[in-house]
Every structure is written in C-alpha cells, then in structure tokens.
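Observations on the model geometry
Spelled out, the chains give:
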Amino acid sequence: MVVYPNEEEATSGSDRFCDFVDKTLALLSNSHMKKLSLCHVPRPRHKDAYQRWFWAAMERGFLELHLHATHRYFGVNIKTSFLTSKTLVKLTLSGEFSLELDRVFFPALKSLSLVSVLGLDCPNYCRLLDGCSVLEDLFITDADHWYLPCCGVFVESPCIKRLVVFVNLPDTKEYHRTVYFKASRLVYLDYSSYVSKQYQFVDFDLLVEARLSLRLWESTNNHDDDDSSYFYDDDDDDDDDDFSDEHEPIFGDVTNLVAGISNILTLHLSPESLEVFHFCCKSMPVFNNLLKLSIESNKEKGWQVMPLLIKSCPNLQTLVIKGLVHRVTNRCGDACACIPKKHSRKNNKKRKIVKEEELCCLWTCHVKVLEISEYKGSFQELKLMRHFLGKLKCLETVKVSVDEDKYKDNEFLRANLLALPRVSSKCNIQFI
C-alpha cells in the first residue's frame, strides 16, 4: 500500500485524504499487506491521524513501513512506553518525527533508515538501536541545516553488517567533535561527512570494504587553539613543510578513523578524502590486507597523499582511478608525472636533486590491474599513463574507459595509449 498525496491534496483536501487512509486501512484489516509507504503533510486538526496509522501498521503485521512527515505545520510525535512489532523487517523514518520511547523491541527488523529525522534525540535514538537485535543494514542521513548532528556521529550495534552514514551540516563545525562507531560485525562502511575533531572506531576487525567521502571545512579567519589542528598549505611553490604557523589551522584528525579501517580488502576514496588523508592524518597505517584501492579525482583536489598511500598498501592488486586530472602541487610526489622529475630537499640551505627513478613508489607496487575511467586523452593524462606503464612492473591488465559519444577521436586516443612503452611484458591494454 502506497499513499503519497500531492501538495494540493495534502493541504486543501487533507480531510478527504485522512478519511481515505482510515477507510482503506479498515477495509484491508483482514488482508495480508506487506508494505505501507506514507508521505503526508499533517495539519493541526489531524495531529492524531498519523499516530493512528502508525499503530495500525504495527498491529496489522506489516513487513515494511516507510513514513515521511513534512514539517510545514508541525511534526509527528510518537510517544509510548513500549514500541514493538514481531513482523516488521524494514523501517524508514524521515522528516519531522519525534520519538519518546521507554523500550523498543523489533526482533525481526533487519533494515533501518533514518533520513534527517529532525525530532529524534540521542537517548531515544539509542533506545531504537538497542531494540533491533538482528539489524543488518543501517542507513543514516543528517542533512538538515536547522538541527545538530545526532545519529550520524554515534553508532553502537553488535549486529549490523552494512552501515551508510551521510552527514551534511556545514554550519555545525563546533559540534563535530567526536564520532563514535562500534560495530563488531560490520563488513561494509559508506561514510560521508565533514571531518571531525576525533574519531573512535572500535571492533572493525571484520570490515571488508569502506567508502569514504570526507571534506575539509571552509577556511575562516579564526584559528583553533587546539594543538592537534593542522595547517593547510595550498601554495604549489612552497617547500616541503605542510604545516606552518603562518597558515590557518585545519580542523579535524582522522588518524583513528584510518587506523580503524586498516584491515579492509577494498577502499574507495573521494577527491576530498585524498586531501583529508594528507592534511588530517598524523600517521598512515599499513594496509596489509588491501587488495583494491579505488580513488576519484578532479582538477580542484591534489594527490599529495598518493605516494604514502601506495607505499602503505604492500599487497595491492587492483588500482582504480576515476578521472586522471587533479590539482598539480609540488607534493604530488612520485605517484604521478605532473611535475618536473625531481625531488627537492633543504640541506643547509642547499638543494639536493635525487633522480625520480630512485624514489618512485610505483617500482615496488605489486598492482596487476589498473582501471582508468573518464579518460579524455589530454597531454597531462597521457603523461600520467606513460608514468604508470613505465613504472608498474607487475602490471598485467589495463582497462581504459573512453566516452565513445563525446570524444569522436577515440581511435587516436587508443593509438596513443597502445604506443606507450610498458615495463611489464605481460601488460595488456583493454578499452571498455
């Protein structure tokens, strides 16, 4: 059963809509309905209707329940000493809900989605999680600018296997102090947020795959007094020091977060995450089990962390890159060929030039499969492909995705790639 009124029905025809839902639920009282999806704009005189429908769904033994209430007039308050359903398998709450619960018992619930539930405070949120003893999938969104982060900064569950957290609250920097995740059975993590001051990641030993989209906070003229803050050096012509008292401190420390996921097999990083790893991680752990590293790139974000990251993945088998164009800095390092082939160091005010071949992290990289998507064939991209093919000794397969419709000269692009020298005799280039 799906009930989604349009705006006109939800306002001028609210009485008729409420009557329709009540009669429909009454007529179907003896049927075996499995799913109820309800989106409603409650009006003041119908403040009890939503609760009535909610309890009806619980009593009728629905398997799936998806409820959304807009906050145009007021929210929906569900208050009870005991909230339970023995049949409910999937629950989605979004919009202006307020839960006041003493105890929750959902023995069959396997999927829970909390999409910007604006009236859900931390104590009731924790009671809701505690009452889901077999929960496997947890989806959380905190993205309403009028509320502070709640669900997206604290997750503790002994049973969840998949966790997706999206926090987009750009005006709440001072409240991004601590993120706490404890999930001993978690195998998949998808986490997107502005970087927090500190992270506590506990019991992530079974984690197999992680997808991170972390963002630095906007620069301001105010300096944070905390000594753990870092300084963002965005000048491509500066020396090797990334942290300087002349620059504004960066808010955030992802050291514990990165350490907490160090046992994973597959890691996906957004362009912003690459810069967060560089500026907000005090020490990079060794990813001994990591077999696949996937990164996204754009021209606004740098690759400063790539050399260290590649060196920290001694058993890496597959490297996936979406977009080769990135912001060129003097710290892109030996993972790319977008800067002059030299590495400079201060030594008694003199510079010592060390050949790239002696430093390149790619020489010891065991990657066998290289996947490149959104390849456009620019000079910078071709130069970087030459760098990869000339340094990755274990490379066996290179998969390149070229947009057939947008780039008419794809045969020319292919010919240029196929003509590049390859250090690995087993290297085979495929176009997909």
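Nothing here was measured: the structure is a model prediction, and the numbers come from that model.

Moving on: the overall build of the protein. Looking only at helices and strands, one finds 10 helices and 26 strands in the protein. A burial count over the protein gives 49% of its 432 residues as buried. For the protein, restricting intrachain contacts to residue pairs at least 6 apart in sequence, the fraction spanning at least 24 positions comes to 69%. A total accessible area of about 21,100 Å² is found for the protein, and carbon and sulfur atoms account for 49% of it.

Examined bridge by bridge, strand E9 (residues 111-117) and strand E10 (residues 137-142) share 5 bridges and lie parallel to one another. Residue pairing across strands places Leu112 opposite Leu138, the latter belonging to E10. Handedness of the β-α-β unit built from E9, helix H4 (residues 122-130) and E10 comes out right-handed. Sheet topology note: the E10/strand E12 (residues 162-167) ladder contains 6 bridges and is parallel.

This part takes up the pattern of salt bridges. Applying the stated rule across the entire model yields 5 salt bridges. One salt bridge in this structure joins Arg327 and Glu275, with 2.9 Å as the shortest N-O distance. Note that Arg327 is positioned in the loop between strand E21 (318-322) and strand E22 (346-347) and Glu275 in helix H6 (residues 271-280), a separation of 52 residues in sequence. In this structure, Arg327 and Glu275 share a single accessibility class: buried. A salt bridge links Arg414 to Glu411, with the shortest nitrogen-to-oxygen separation between them at 3.9 Å. Note that Arg414 and Glu411 are positioned in helix H10 (residues 410-418) at a spacing of 3 residues, about one turn of the helix. You can call Glu411 exposed: its relative accessible area is 54%.

Moving on, we come to the environment of Arg211. By the secondary structure assignment, Arg211 is in strand E16 (residues 209-215). Residue Arg211 is classed as partly exposed on the basis of its relative accessible area, which comes to 32%. Between the C-alpha atoms of Arg211 and Leu189, which are 22 residues apart in sequence, the distance is 6.1 Å. Non-local contacts of Arg211, meaning those with residues more than four positions away in its chain, are made with Tyr188, Leu189, Asp190, Tyr191 and His268.

Another point: the packing of aromatic side chains. Per the stated rule, a full pass over the model turns up 8 aromatic pairs. Through a chain of ring-to-ring contacts, three or more aromatic side chains come together here, namely Phe181, Tyr191, Tyr199, Phe201 and Phe204. Sitting over the face of the ring of Tyr188, Arg162 holds its NZ or CZ atom 4.3 Å from the ring centroid. Taking the ring centre of Tyr194 as reference, the NZ or CZ of Arg215 above it sits at 4.5 Å.

This brings us to the side chain of Ser273. Assignment of secondary structure puts Ser273 in helix H6. There is a polar contact of 3.0 Å between the side chain of Ser273 and the backbone oxygen of Leu212. The contacts of Ser273, once residues within four sequence positions are left out, are Leu212, Ser213 and Leu214.

In spatial order, the strands read E11-E13-E15; together these 3 strands make up an open sheet with parallel pairing. The sheet terminates laterally at strand E11 (154-156) and strand E15 (198-202), the two strands that pair on one side only. Averaged over neighbouring strand pairs, the angle between their axes works out to 10° when direction is ignored. Sheet topology note: the E11/strand E13 (residues 178-182) ladder contains 3 bridges and is parallel. When the bridges of E13 are listed, Glu156 appears paired with Lys182.

In this section: the state of the cysteines. Tallied over the entire structure, the rule returns 0 disulfides. With no disulfide partner, Cys126 has as its closest neighbouring cysteine sulfur the one in Cys122, 4.0 Å distant.

As a further point, take the confidence of the model for the protein. On average, the protein scores 81 in pLDDT, and the residues at 70 or more come to 77%. For the stretch residues 6-11, pLDDT sits under 50, and the model shows 11 contacts to residues farther than four places along the chain or on other chains. This model gives residues 221-246 a pLDDT under 50, and the stretch forms 70 contacts once residues within four places in sequence are excluded.

This next bit is on H6. With 9 of its 10 residues buried, H6 lies for the most part within the structure. Along H6, the residues classified as buried are Pro271, Ser273, Leu274, Glu275, Val276, Phe277, His278, Phe279 and Cys280.

Reading guide: rules and limits
Residues numbered from 1 in each chain as written. Predicted model: local features only at pLDDT ≥ 70, side-chain atom pairs only at ≥ 80, totals over all residues. Heavy atoms only, no water. Helix = DSSP H or I, 4+ residues; strand = E, 2+ residues; numbered from the N terminus. Buried < 20%, exposed > 50% of the residue type's maximum accessible area, 1.4 Å probe, protein only. Contact = heavy atoms within 4.5 Å. Areas by Shrake-Rupley, 256 points an atom, 1.4 Å probe, with all protein chains shown as cover. Pairing = 2+ DSSP bridges. Right-handed = clockwise from strand over helix to strand, strands pointing away. Salt bridge = Lys/Arg side-chain N within 4 Å of Asp/Glu carboxyl O. Phe/Tyr/Trp six-rings, centres within 6.5 Å; stacked < 30°, edge-to-face > 60°. Lys NZ or Arg CZ within 6 Å of the ring centre and 35° of its normal. Polar contact = N/O pair within 3.5 Å; in protein donor to acceptor, adjacent residues only side chain to side chain. Axes fitted to C-alpha atoms, helices over the stretch in contact; angles between N-to-C directions. Disulfide = S-S within 2.5 Å. pLDDT = per-residue confidence, 0-100.

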